[in-house]
Amino acid sequence: MNLHTSDTKKGVAENFITFLIDLSKTKDTITIALSGGSTPKIVFDELAEKYQDLDWSKFHFYWGDERCVPPTDGDSNYKMTVDHLLSKINIPLENIHRIKGENAPKEEAERYSNVLETQLAIENGVPQFDLIILGMGDDGHTASIFPHEIELWNATHWCEVATHPDSGQKRVSITGAIINNAKTVAFLVTGDSKKEKVKTIFNHEDSYLQYPASLVAPTSKDLHWFLDASAAAGVE
Ligand SMILES: O=C1O[C@H](COP(=O)(O)O)[C@@H](O)[C@H](O)[C@H]1O
């Protein structure tokens, strides 16, 4: 595991962008699963502002999770990415492979599983992303696998329907097999509210395995955590 700490959220974004660009230089095309969340938003803003000249045609964007809402809804992870990045760069439309949150959740989880199976390389019998970007919620969830539905991590489908524990909102999320089969996995986690779970997971404290983020362990071993000082405060 590789730990990258920065003083600020912006520092995390800059650090991660350097990492992303270096990784993309080693490939003709790069398949990436994006996440929602507050830190990716800063990454997208930085990319849109300073990296217009990048060869965006080599990037293929997918999503690790999506809220079951239309793509125009303020809750949509896709909309957030369009607003902060995709509408501002020169990327072919065919490189954008969104989860259709407006579809019936179960059908969409099946459709997107099929998209991943037909469009990604297959390695170890499982679709393989070059890079999966993950966040971690304050409750230790990652993608949209929440602690109360941790069994979805081991689901046999590449995507499943998840339910937010408080709002009941349905989500479509990739599952454990595909996350741990990625060539590279990068967590972007910032803020004081993440400190306790980061500490529990990193220090393997009691019951850390009840948090889905603790199950992320790619067989490639190429796992990176990008943390700001607030989130990393409890790491020994
Ligand atoms: O619900 C979600 O939250 C997580 C974490 O977001 P953050 O704002 O707490 O960093 C995110 O990874 C996921 O994609 C999103 O749907």
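The protein carries the name 6-phosphogluconolactonase in an unreviewed UniProt entry, which gives Dokdonia pacifica as its organism. Under the UniProt heading Catalytic activity (unreviewed entry), the entry covering the protein gives this text: "6-phospho-D-glucono-1,5-lactone + H2O = 6-phospho-D-gluconate + H(+)".

(A) Examining the state of the cysteines more closely. A complete count under the given rule lists zero disulfides for this structure. Free cysteine: cysteine 68, not disulfide-bonded; nearest cysteine sulfur from cysteine 159 at 11 Å.

(B) Focus on the sheet that holds strand S7 (residues 131–134). Across the sheet, which stays open at both edges, the six strands sit in the order S1-S11-S10-S7-S2-S3 with parallel pairing between neighbours. The sheet is open, and its two edges are formed by strand S1 (2–6) and strand S3 (59–63), each paired on a single side. Mean inter-strand twist for the sheet, computed between neighbouring axes without regard to direction, equals 20 degrees.

(C) Geometry of the site of the ligand. Near the ligand lie 14 residues; those nearest to it are Gly36, Ser38, Asp65, Arg67 and Lys194. Measuring from an oxygen atom of the ligand, one finds a backbone N or O atom of glycine 36 at 2.8 Å. A distance of 3.0 Å separates an oxygen atom of the ligand from a polar atom in the side chain of arginine 67. Split into classes, the residues belonging to the shell around the ligand amount to two nonpolar, eight polar and four charged.

(D) Here's a closer look at the UniProt feature "domain: Glucosamine/galactosamine-6-phosphate isomerase" (unreviewed entry) in the protein. The UniProt record annotates "domain: Glucosamine/galactosamine-6-phosphate isomerase" (unreviewed entry) at residues 9–225. As a span, residues 9–225 carries 30% helix and 19% strand, and end to end its C-alpha atoms are 13 Å apart.

(E) Representation of the packing of helix H2 (residues 38–50) against helix H3 (residues 77–84) within the structure. Where H2 meets H3, the axes come as close as 8 Å, and the angle between the chain directions of the two elements is 30 degrees. Classified by the angle their axes make, H2 and H3 are roughly parallel. Viewed along their axes, H2 and H3 form a crossing whose handedness is right-handed. For the pair H2 and H3, contact is made by Pro40, Lys41, Phe44, Asp45 and Ala48 and by Met80, Thr81 and His84, respectively.

(F) Quick look at the sheet that holds strand S9 (residues 170–174). With antiparallel pairing, the three strands of this open sheet are ordered in space as S4-S9-S8. On the outer flanks of this sheet lie strand S4 (65–67) and strand S8 (159–163), each paired with one strand and no other. In this sheet, adjacent strand axes meet at a mean angle of 20 degrees when their direction is disregarded. Examined bridge by bridge, S8 and S9 share five bridges and lie antiparallel to one another. Looking at S9, one finds that valine 161 is bridged to valine 172.

(G) A look at the packing of helix H1 (residues 9–25) against H2. Their axes nearest at 9 Å, the elements H1 and H2 cross at an angle of 60 degrees. Crossing hand, H1 versus H2: right-handed. Here Lys9, Lys10, Val12, Ala13, Glu14, Phe16, Ile17 and Leu20 of H1 lie close against H2, whose contacting residues are Thr39, Ile42, Val43, Glu46, Leu47 and Lys50. Residues of the contact of H1 with H2, tallied by class, amount to eight nonpolar, one polar and five charged.

(H) Focus on the packing of aromatic side chains. All chains considered together, the criterion is met by 10 aromatic pairs. When the ring of phenylalanine 19 is compared with that of phenylalanine 226, the centres are 5.3 Å apart and the planes differ by 65 degrees; the resulting orientation is edge-to-face. Within this pair, whereas phenylalanine 19 is found in helix H1, its partner phenylalanine 226 is found in strand S11 (residues 223–228), the two being separated by 207 residues in sequence. A residue is classified by how much of its surface remains accessible, and phenylalanine 19, at 16% relative accessible area, is buried. A centroid spacing of 4.9 Å and a plane angle of 45 degrees characterise the contact between tryptophan 56 and phenylalanine 59, whose relative ring orientation is tilted. For the pair shown, tryptophan 56 and phenylalanine 59 are each scored as buried. Grouped by ring-pair contacts, the aromatic residues Phe16, Phe19 and Phe226 constitute a single cluster. Taking NZ or CZ as reference, arginine 98 lies 5.2 Å from the ring centre of tyrosine 78, over its face.

Rules of the game
As a convention, each chain's residues are numbered from 1 in the sequence order in which they are written. Owing to the predicted nature of the model, reporting of local features is limited to residues with pLDDT of at least 70; listing and counting of side-chain atom pairs is limited to 80 or more, with chain, interface and lining totals taken over all residues. The side-chain numbers reported here are obtained from all heavy atoms of the structure, hydrogens and water having been left aside. UniProt positions are given in the numbering used here, feature names are shortened, and annotations may be inferred rather than shown by experiment. Criterion for a disulfide: a pair of cysteine sulfur atoms at a distance within 2.5 Å. For two strands to be treated as a pair, DSSP must find at least two bridges joining them. Secondary structure elements are defined from DSSP: runs of H or I of at least 4 residues count as helices, runs of E of at least 2 residues count as strands, and each element is numbered from the N terminus. Where helices are involved, their axes are fitted lines through C-alpha atoms of the stretch in contact, as for all axes, and angles between N-to-C directions lie from 0 to 180°. For this description, a residue counts as near a given molecule or strand if any of its non-hydrogen atoms is within 4 Å of it. Side-chain atoms alone can form a polar contact between residues adjacent in sequence; in general such a contact is a pair of N or O atoms within 3.5 Å, and within protein one must be able to donate a hydrogen while the other accepts it. Ten residue types, Ala, Val, Leu, Ile, Met, Phe, Trp, Tyr, Cys and Pro, are classed as nonpolar, four, Asp, Glu, Lys and Arg, as charged, and the remainder, Gly among them, as polar. Reported orientations rely on four angle classes, namely roughly parallel under 35 degrees, roughly antiparallel over 145, roughly perpendicular from 65 to 115, and oblique for the rest. By definition, turning the near helix anticlockwise from the far helix through less than a right angle yields a left-handed crossing, and turning it clockwise yields a right-handed one. Any two residues having at least one pair of non-hydrogen atoms within 4.5 Å are treated as being in contact. Any two rings among Phe, Tyr and Trp, with Trp reduced to its six-membered ring, count as a pair given centres within 6.5 Å; such a pair is stacked if its planes are under 30 degrees apart, edge-to-face if over 60, and tilted if neither. Each residue is placed in one exposure class: buried if its accessible area under a 1.4 Å probe, protein chains only, is under 20% of its type's maximum, exposed if it is over 50%, and partly exposed if it falls in between. Any Lys NZ or Arg CZ found within 6 Å of a ring centre and within 35 degrees of that ring's normal is scored as a charge over the ring.

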